[in-house]
Amino acid sequence: MKHLLSAKDLSREQAVLILDMAEQMAATQARQVKKLPTLRGLIVVNLFFEDSTRTRISFETAAKRLSADVINFSPKGSSVSKGESLKDTVLTLGAMHTDAIVVRHYASGAPYTIAHSGWTDASVINAGDGTHQHPTQSLLDAMTMRRHLMGPNPLGQGLDGVNVVIVGDVLHSRVARSGVDLFTTLGAKVTLVAPATLLPVGVETWNCDVSYNLDQALAEVKPDALMMLRVQKERMSAGGGGFFPSPQEYTREYGLDEPRLAALPKRTIVMHPGPMNRGLEITSGAADGLRSVIVEQVANGVAVRMAVLYLTMTGAEGGEA
Amino acid sequence: MKNYLIKGAQLPGGQVRDLLLEGGAIVQVAAKLTPEAGVKVLDAGGLVVLPGLVDLHTHLREPGREDAETVRTGSRAAAAGGFTAVHAMANTFPVADTAGVVEQVWRLGKDAGYVDVHPVGAVSVGLAGEKLAELAAMAASAARVRVFSDDGKCVADPVLMRRALEYVKGIDGVVAQHAQEPRLTENAQMHEGVVSADVGLAGWPAVAEESIVARDVLLAEHVGSRLHVCHVSTAGSVEIIRWAKGRGIRVTAEVTPHHLLLTDETARTYNPVYKVNPPLRSAADVAAVRAALADGTIDIVATDHAPHPREDKDCEWAAAAFGMTGLETALPIVHELMVETGLLGWEDVARVLSVAPSAIGRVEDQGRPIEAGEPANLTLFDPSARWTVEPGDMETASGNTPVAGRELHGRTVATFLHGKPTVLDGKVVG
Ligand SMILES: [Zn+2]
């Protein structure tokens, strides 16, 4: 596995391999000495065209635990018309003998373009591109679900029989896209819930169910995992697209509050990719409650990213970490 | 000027004839002509002769973006593709919205001498969509403008569109509309549908084109004007135009070679060479525009040749410019998709690439029958030739062809502009 660009590219075998390796990585993190020598002498660049402190820190921690040298680079200018071209930035990194480029970009497809342009020989890992994909997020979500829902020994397993409900701004969400791809590859059944304004035209061809009504979907699906997506407040203004009338209405129709939380089956875990808008898509009671695995998701993110860096940078298909 | 005897060319109607060109005109067409001394003989056995092709939709980029194309390089590309006339779109810098700018472009075309360059005048000042440009002044200028378009932008304001349609009646003009509802396409990157949902690029819905086409045909009916719809790309637009023609509304429509050939599936590569406006659509849309060209609902093929410098395409999709080149590849694509499939004959090709665009643009000396006494604007095409597109080997100054590496069916062997060869042996002369 040279690159990780999209969850769609992963076979079930590859996905399970990454998750199993992430479990091994997680086990090493329980030790006193957390650092492994695996990627010593190799250079990982976190190339972040879009701010995301939490994702950058997660990748940085993962790379450092594997003894790689990490360079953080956040090119100036957040609009496509400003600043140095993507090509020049990547050529510059190539001149520094970069072994892996972790890319976060506001433009969908930018990591794909970097990987296929001939501008670099480095491994390219997509850390979130526009409204397209965020494969390591869906991997850490899958790892979290597998730990909670697939019995005492998750190793070797997929997510067979798991019902996942994903609620919120699917239209603009790379988390939803990668989630649908990966969870279904692993055998789960996914239901997307959102107002029709926040679902893409074409969603009817995706390998999932779609509902406009959260209460109905929760009652029918009885989810094992309920994932709330971040809803950007600016999306409701006319300038931001006018996707819904008011935050109050959104919360009423699609927010996870105490009554909805109480109505969930006992086994249901509550997830959120962060950062949360407390009080909009999720109440503090739900975010901090016993069913919430949101903090675990963050910890699993480091383990999954260690596994992905290891597999892409060493070209290994398996083996001990 | 040398005289030419073209021997053994197949006319669009199928007859094989010799053609004698003299003093810029076709002087004889006969089954067998014997060359007199001093006449250059061109063996056209196996070649089809067409009236010189006329493009109603070309971006020559000069003035202002000479890094992408100049009138000279674009004219050479046109000649290489078998064209003898092009309509140069108005979205230059400065915009072709005055008699001065259209005359400048017209003169540059004359000086280059490879094709007749007919400038298109802007509908609105600066393409801003607010105030009518001086259409009559452009019409009365040396450039004799008859086609008016804000192409690149839509004349979105219905009142301005109505005024433009009314106003051009006085100068026998036509408004060529780039149909794109601006609010429905803010930040749009590609066709909205299954593929855009997957690849996460903001959608350009078919309805944004169709709603403007529907509005405009109704406006054209109301004021009794001529409307031309640029680059029709959706099945819905085809239906509306078919309906409008059935009602007797004076609407004509064009389709580009790339909308006949390619679909939105190409966006999965994130290769910005496939980024174009209007976007490449679904396979069903492609089938609909082919059928519409075959049944005459769509009147013409126009290239929307839109050259861009390398740096505007060598980047992430969202940052890339819209547009692709097309002058040098249009005829082989039409041949492969429409003629080899039996959807069109050569007389139809002459109609959609020469006769009808000349009529829409009121170009009197082009798109004429291949007969004695007619101007010698001719294209000789070898349908059996096969060649692979190398962007670096093209006459256009830009490399953004969507068919790089593709084997094309047929090649322009010679082009004559007013009796003078601009292309011989497949090479631009001079
Ligand atoms: Zn246009």
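Everything quoted here is computed from the prediction, not taken from an experiment.

What counts, and where the lines are drawn
Residues numbered from 1 in each chain as written. Chains lettered and ligands numbered in written order. Predicted model: local features only at pLDDT ≥ 70, side-chain atom pairs only at ≥ 80, totals over all residues. Heavy atoms only, no water. Core = buried A, V, L, I, M, F, W, Y, C linked by side-chain atoms within 4.5 Å. Buried < 20%, exposed > 50% of the residue type's maximum accessible area, 1.4 Å probe, protein only. Domains from an automatic or database assignment. Contact = heavy atoms within 4.5 Å. Helix = DSSP H or I, 4+ residues; strand = E, 2+ residues; numbered from the N terminus. pLDDT = per-residue confidence, 0-100. Buried area = accessible area lost by both parts, 1.4 Å probe. Salt bridge = Lys/Arg side-chain N within 4 Å of Asp/Glu carboxyl O. Polar contact = N/O pair within 3.5 Å; in protein donor to acceptor, adjacent residues only side chain to side chain. Axes fitted to C-alpha atoms, helices over the stretch in contact; angles between N-to-C directions. Parallel < 35°, antiparallel > 145°, perpendicular 65-115°, else oblique. Left-handed = near helix turned anticlockwise from the far one by under 90°. Nonpolar A, V, L, I, M, F, W, Y, C, P; charged D, E, K, R; others polar.

**Q** Hey, could you run me through the nonpolar core in this one?
**A** Among the nonpolar cores identified, the biggest contains 101 residues, and Phe83, Phe148, Leu293, Ile298 and Leu353 of chain B are the most heavily contacted of them. Residue-level mapping places this core at the junction of two domains, with at least three residues from each of domain 1 (3-48 + 373-428) and domain 2 (52-360) of chain B. When near neighbours in sequence (up to four residues on either side) are disregarded, leucine 353 of chain B contacts Leu53, Val54, Phe83, Val301, Leu331 and Val334 of chain B. Membership of the second largest hydrophobic core comes to 92 residues, among which are Ala15, Leu198, Leu256 and Ala287 of chain A.

**Q** Is there a simple way to think about unusual backbone geometry in this case?
**A** Leave glycine aside and you will find that most residues have negative phi; peptide bonds, for their part, are mostly trans. All names here are of chain B. Proline 94 follows phenylalanine 93 through a cis peptide bond whose omega is 5°. Tracing the chain through its elements places proline 94 in the loop between β7 (83-88) and α2 (99-112). Across the junction of asparagine 277 and proline 278, the peptide omega takes the value -5°, indicating a cis bond. Mapping proline 278 onto the fold places it in the loop between α8 (257-261) and α9 (283-295). At aspartate 304, a residue that is not glycine, the phi angle is positive and equals roughly 50°. Following the sequence through the fold, aspartate 304 ends up in the loop between β15 (300-301) and α10 (330-339). You can call aspartate 304 buried: its relative accessible area is 5%.

**Q** I keep staring at the confidence of the model for chain B and nothing clicks. Help me out?
**A** Detailed reading of the predicted coordinates is not advisable wherever pLDDT is low. Residue-level pLDDT values for chain B average 97, and 100% of them are 70 or greater. Confidence estimates for the predicted assembly give a pTM of 0.93 and an ipTM of 0.89.

**Q** Would you mind showing me how to read the domain arrangement of chain A here?
**A** A common way to state how big an interface is: give the accessible area lost once the parts meet. Residue and element names in this part refer to chain A. Taken domain by domain, chain A consists of domain 1 (7-133 + 298-314) and domain 2 (135-296). Between domain 1 and domain 2, the contact holds 34 residues from the first and 33 residues from the second. Both sides together, the interface formed by domain 1 and domain 2 hides about 2,700 Å², and carbon and sulfur atoms give 56% of it. Here arginine 147 ties to glutamate 23 by a salt bridge, and the two come within 2.9 Å at their closest N and O atoms. Counting across the domain 1 and domain 2 interface gives 19 residue pairs in polar contact (both at pLDDT 80 or more). Sorting the residues of the side of domain 1 that touches domain 2 by element identifies α1 (12-28), α2 (53-65), β3 (100-105), β4 (123-129) and α11 (294-314) as the ones contributing at least two each. Among the elements that line the side of domain 1 that touches domain 2, the one with the most residues is α1, at 9 residues.

**Q** Looking at this model, I keep getting lost on the pattern of salt bridges. Mind explaining?
**A** If charged atoms from side chains of opposite charge come close, those side chains can pair. What the rule picks out here adds up to 38 salt bridges over all chains. Arginine 76 of chain B is the partner of glutamate 395 of chain B in a salt bridge, and the nearest nitrogen-oxygen pair spans 3.0 Å. Here glutamate 395 of chain B is found in the loop between β16 (378-388) and β17 (407-417), whereas its partner arginine 76 of chain B is found in helix α1 (residues 71-80), with 319 residues between them in sequence. Linked by salt bridges that have partners in common, Lys8 and Asp181 of chain A together with Asp198, Glu265 and Arg268 of chain B make up one network.

**Q** It is not clear to me how the packing of helix α4 (residues 158-167) of chain B against helix α6 (residues 206-223) of chain B should be interpreted in this structure. Could you clarify?
**A** Each pair of packed helices can be summarised by the angle the axes make with each other and by the distance between the axes. Residue and element names in this part refer to chain B. Between α4 and α6, the least distance of the axes is 10 Å, while the angle of their chain directions is 45°. Here α4 lies oblique to α6, going by the angle between them. As for how α4 packs across α6, the hand of that crossing is right-handed. Across the interface between the two elements, Pro158, Met161, Arg162, Leu165 and Glu166 of α4 pack against Arg215, Asp216, Leu219, Ala220, His222 and Val223 of α6. Its residues placed into classes, the contact of α4 with α6 shows 6 nonpolar, 1 polar and 4 charged.

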